[in-house]
Amino acid sequence: MKRPNAWNDYTDAQLEELEALSADYRAFISVNKTEREWCAAGVELARRAGYLSLDDCVRDGRTLKAGDRVFATSHNKTLMLVELGSEPLSRGLNILGAHTDSPRLDIKQVPLEETDGIAYLDTHYYGGIKKYQWLTLPLALHGVVCKKDGTTVDVCIGENEFDPVFCVSDLLPHLGSEQMDKKASEFIPGEALDVIVGNRPLKLDADDKSEPVRAQVMQLLAQQLDIDEEDLLSAELEVVPAGPARDLGLDRSMILGYGHDDRSCSYPCLKAQLAVKAPRRTAVTLLVDKEEIGSVGATGMTSTFFEDTIAEICALAGEGDALSLRRCLRNSRVLSCDVCAAFDPAYASVYEKKNAAFMGHGLSFMKYTGARGKSGSNDTDAEFVAEVRRIMDAAGVHFQTCELGKVDAGGGGTIAYILARYTMDVIDCGVPVISMHSPWEVISKADLYEAYRAYQAFLND
Ligand code: MN
Ligand code: MN
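Residue positions are given per chain, counted from 1 along the sequence in the order it is written. Chains carry letters from A onward and ligands carry numbers from 1 onward, assigned in written order. In keeping with the model being predicted, local features are shown solely for residues with a pLDDT of at least 70 and side-chain atom pairs are shown and tallied solely at 80 or more, while totals for entire chains, interfaces and linings include all residues. Calculated side-chain values reflect all of the structure's heavy atoms, with hydrogen atoms and water omitted.

### Describing the coordination of the manganese ion (ligand 2)
Any two of four tetrahedral donors ideally make an angle of 109.5 degrees at the metal, while pairs among six octahedral donors ideally make 90 or 180 degrees.
1) Next: Any N, O or S atom lying within 2.8 Å of the metal counts as a donor, with the limit raised to 3.2 Å for Na, K and Ca; because water is left out of the atom set, some sites can appear incomplete. Listed as protein donors to the manganese ion (ligand 2) are Asp261 (OD), Glu292 (OE), Glu292 (OE) and His437 (NE2); their distances from the metal cover 2.0 to 2.5 Å.
2) Next: Going along the chain, you hit the donors of the manganese ion (ligand 2) in the pattern D-x30-E-x144-H.
3) Next: In this structure, the manganese ion (ligand 2) is positioned 3.3 Å from the manganese ion (ligand 1), and both are ligated by Asp261. Within this pair, whereas Asp261 is found in helix H5 (residues 260-275), its partner Glu292 is found in the loop between strand E13 (282-288) and helix H6 (305-316), the two being separated by 31 residues in sequence. The helix and strand labels rest on DSSP assignments: H or I over at least four residues marks a helix, E over at least two residues marks a strand, and numbering proceeds from the N terminus.

Right under this line is the structure:
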């Protein structure tokens with residue numbers, strides 16, 4: 001079963017559209033590197049496209065009807081966009097679900113320390129990373145510091161070309177003979193992922209024994225951000241690779257960027273949702289947080305945000321009874337949009353080739369994910385797979401199918417099983433990624449474009 005290479009089939013007009021989408025995507029992920037930044041940027045795009053705040057609609061007792069567009073957010077991290085269709089909500093929704101959090105280093109609550117004249121911010125890594133990949137890279141600091149007076153200071157240092165950056169050090173090879181014998185998993189302990197933030201002492205009084213480099217760093221933070229050290233207790237600061245996403249390859253066919261997992265899906269979801277026009281079934285895009293640590297917490301997929309938001313919308317649309325909500329959820333269908341492992345010839349032994357996704361061959365559908373005998377997987381019905389094939393073929397979308405590597409090679413999960421609890425049809429699909437969960441991941445522009453086309457086709461079906 002050969003799936004054609006998408007690049008061979010494009011018209012000039014499609015290539016132009018593909019490059020425009022890729023450029024927009026590159027710019028968007030270069031600026032928006034945290035779930036908070038995604039939520040804020042998503043709200044801005046939604047408002048410009050005529051989306052109203054659901055909270056405002058509820059407050060004003062506004063009635064919702066076909067064609068109305070509303071958005072809801074949760075804790076400034078999770079975002080949901082809804083365009084009401086001409087059919088009653090109880091007939092079900094067409095849902096695109098993706099996540100906007102990515103693996104990174106989070107700054108600890110009490111982070112600042114000075115050791116032998118170097119000041120560090122101590123971190124606790126977030127998500128599944130190979131820790132050694134984070135050494136010696138230019139790093140940026142994104143996030144918020146929340147103060148007791150209720151104000152929030154936005155932080156973004158390391159992205160502007162004139163900004164300083166940060167890094168985690170590594171040992172020079174000349175002195176690394178013992179280190180080089182270590183297993184990759186033990187190469188650098190998590191506790192040693194300390195980010196260098198300063199080396200210049202503040203001139204203290206001669207009798208002051210305190211740490212002068214640390215004092216200098218704290219003074220700079222106080223001056224630049226108007227915060228004191230106690231304020232770091234209520235901060236969420238994320239250390240991410242500094243700098244923009246770039247075209248990859250002489251042929252510029254790929255993009256090297258931070259957070260393709262899962263932004264190479266979230267972005268086309270968002271764009272497809274904004275492009276929907278007068279759908280029959282209500283169109284929903286759900287961009288959630290915390291997928292990389294198990295979809296837990298108030299902003300993860302396992303929270304009641306999704307169900308609560310749908311209940312509010314049903315009520316404003318005149319379908320506020322309990323049974324209509326249950327029907328709406330049960331009759332819905334979902335593309336759970338999350339990246340998959342692209343076949344990498346350099347590591348061919350962990351893939352089973354006929355069930356692997358290849359870069360440039362389009363959006364990849366995964367009937368099941370999981371590990372060790374499909375454990376933890378939402379194994380989609382064959383009936384729904386057939387329905388999705390119909391939609392994709394009718395729209396001329398390039399798609400492929402895959403598993404996450406060879407049987408028992410490892411495994412992973414997505415948000416699919418959580419939505420499937422409502423008895424709705426859910427299938428995983430996503431953009432194939434090389435070097436997934438590394439600081440700089442690789443995708444094909446063709447696959448990004450096919451994801452966009454596929455998501456539009458699904459929402460409009
Ligand atoms: Mn993911
Ligand atoms: Mn992931």
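### Side note on the coordination of the manganese ion (ligand 1)
1) Next: Protein coordination of the manganese ion (ligand 1) is provided by His99 (NE2), Asp261 (OD), Asp338 (OD) and Asp338 (OD), with donor distances spanning 2.1 to 2.6 Å.
2) Next: Read in sequence order, the donor residues coordinating the manganese ion (ligand 1) give the pattern H-x161-D-x76-D.

### Section: the packing of aromatic side chains
1) Next: Any two of the Phe, Tyr and Trp rings considered here, Trp counted by its six-membered ring, make a pair once their centres fall within 6.5 Å; the pair's planes then place it as stacked at under 30 degrees, edge-to-face at over 60, or tilted in between. Counted by the stated rule, this structure contains nine aromatic pairs.
2) Next: Ring geometry for Phe28 versus Tyr267: centroids 5.1 Å apart, planes at 45°, classification tilted. Within this pair, whereas Phe28 is found in helix H1 (residues 12-31), its partner Tyr267 is found in helix H5, the two being separated by 239 residues in sequence. Per residue, the accessibility class of Phe28 equals that of Tyr267, and both read buried.
3) Next: Chaining the aromatic ring pairs together yields one cluster made of Tyr25, Phe28, Trp38 and Tyr267.
4) Next: One cation-aromatic arrangement involves Arg3 over Phe399; the distance from NZ or CZ to the ring centre is 4.5 Å.
5) Next: Charge-over-ring placement is defined geometrically: NZ (Lys) or CZ (Arg) within 6 Å of the ring centre, and within 35 degrees of the ring normal. Positioned above the aromatic ring of Tyr422, the side-chain terminus of Arg421 is 5.8 Å from the ring centre. Residue burial is assigned from relative accessible area. The probe radius is 1.4 Å, only protein chains are included, and a residue is buried under 20% of its type maximum, exposed over 50%, and partly exposed in between.

### Digging into the sheet that holds strand E5 (residues 104-115)
1) Next: Pairs of strands are assigned from DSSP output, requiring at least two bridges between the strands. The strand order across the open sheet built from six strands is E8-E7-E10-E5-E6-E9, with neighbouring strands paired in antiparallel fashion. The two strands at the open ends of the sheet, each matched to only one other strand, are strand E8 (152-157) and strand E9 (194-198). The average angle at which neighbouring strand axes cross in this sheet is 30°, direction not considered.
2) Next: In terms of strand pairing, strand E6 (residues 118-126) meets E9 through four bridges, oriented antiparallel. If you follow Tyr120 over to E9, its bridge partner there is Ile196.
3) Next: Packing of helix H4 (residues 212-225) onto the sheet brings it into contact with E5, E6, E8 and E9, and relative to E5 it is tilted by some 130°. Note on method: axes are straight lines fitted to C-alpha atoms, helices fitted across the in-contact stretch only, with angles between N-to-C directions ranging 0 to 180 degrees. Residue contacts are counted whenever heavy atoms from the two residues lie within 4.5 Å of one another.

### Notes on the packing of H1 against helix H10 (residues 445-460)
1) Next: Two elements in contact, H1 and H10, have axes whose closest approach is 9 Å; the angle formed by their N-to-C orientations is 95°. Taken together, the axes of H1 and H10 are roughly perpendicular relative to one another. Mapping the contact onto sequence places Gln14, Glu17, Leu18, Glu19, Leu21, Ser22, Tyr25 and Arg26 in H1 and Lys445, Ala446, Leu448, Tyr449, Tyr452 and Arg453 in H10.
2) Next: Residues are grouped as follows: Ala, Val, Leu, Ile, Met, Phe, Trp, Tyr, Cys and Pro are nonpolar; Asp, Glu, Lys and Arg are charged; every other residue, Gly included, is polar. Across the contact of H1 with H10, the residue classes break down as seven nonpolar, two polar and five charged. The cut-offs work like this: below 35 degrees is roughly parallel, past 145 is roughly antiparallel, 65 to 115 is roughly perpendicular, and the gaps in between are oblique.

### Points about the pattern of salt bridges
1) Next: Salt bridges are defined as contacts in which a side-chain nitrogen from Lys or Arg sits within 4 Å of a carboxyl oxygen from Asp or Glu. Here the structure, examined in full by the defined rule, presents 32 salt bridges.
2) Next: Between Glu159 and Lys33 there is a salt bridge whose closest N-O contact spans 2.9 Å. Residue Glu159 is found in the loop between E8 and E9, and its partner Lys33 is found in the loop between H1 and helix H2 (35-48); the two are separated by 126 residues along the sequence.
3) Next: Of the residues examined, Lys33 reaches a relative accessible area of 1% and is grouped as buried.
4) Next: One network of salt bridges, with partners in common, ties together Glu19, Arg26, Asp247, Arg252 and Lys445.

### Here's the deal with unusual backbone geometry
1) Next: With an omega of 10°, the peptide bond running from Asp261 to Asp262 counts as cis.
2) Next: Within the fold, Asp262 resides in helix H5.
3) Next: Phi is positive for His75, which is not a glycine, with a value near 55°.
4) Next: Tracing the chain through its elements places His75 in the loop between strand E2 (69-74) and strand E3 (78-83).

### Topic: the nonpolar core
1) Next: Within the largest apolar cluster, 56 residues are counted, with the highest numbers of intra-cluster contacts made by Leu81, Leu96, Leu335, Cys337, Phe365, Met392 and Tyr455.
2) Next: In terms of residues, this core owes the most to one element, H10, which gives ten residues.
3) Next: When neighbours within four sequence positions are excluded, Tyr455 is seen to be in contact with Leu96, Cys265, Pro268, Cys269, Ala272, Leu335, Cys337, Leu363, Cys429 and Gly430.
4) Next: Grouped together as the second largest cluster of nonpolar side chains are 35 residues, Leu105, Leu137, Val153 and Val213 included. Grouping buried Ala, Val, Leu, Ile, Met, Phe, Trp, Tyr and Cys residues that are joined through side-chain atoms within 4.5 Å yields what is termed a nonpolar core.

### Some details on the layout of surface pockets
1) Next: Empty space within the largest pocket amounts to approximately 1100 Å³.
2) Next: Only protein atoms enter the 1 Å grid used here, on which a cavity is any set of points holding a 1.4 Å probe that cannot leave and a pocket is any open set flanked by protein within 12 Å on both sides along at least five of seven lines; residues with an atom within 4 Å of a point are listed as lining. What lines the largest pocket is a set of 34 residues, and nearest its centre among them are Ala341, Tyr351, Leu404, Met436 and His437.
3) Next: If you list the elements that add at least two residues to the lining of the largest pocket, you get strand E15 (340-341) and strand E19 (411-412).
4) Next: Here the lining of the largest pocket is composed, by residue class, of 15 nonpolar, 13 polar and six charged.
5) Next: Grid points are joined across faces, edges and corners, and a volume is the space filled by probe spheres set on the points. Counted as a void, the second largest pocket has a volume near 670 Å³.
6) Next: Forming the walls of the second largest pocket are 22 residues, and the residues nearest its centre are Arg3, Lys354, Asn355, Gln400 and Thr401.
7) Next: Of all the elements in the fold, those that place two or more residues in the lining of the second largest pocket are strand E16 (363-366), helix H8 (382-394) and strand E18 (399-401).
8) Next: When the residues that make up the lining of the second largest pocket are grouped by side-chain class, the tally is eleven nonpolar, four polar and seven charged.

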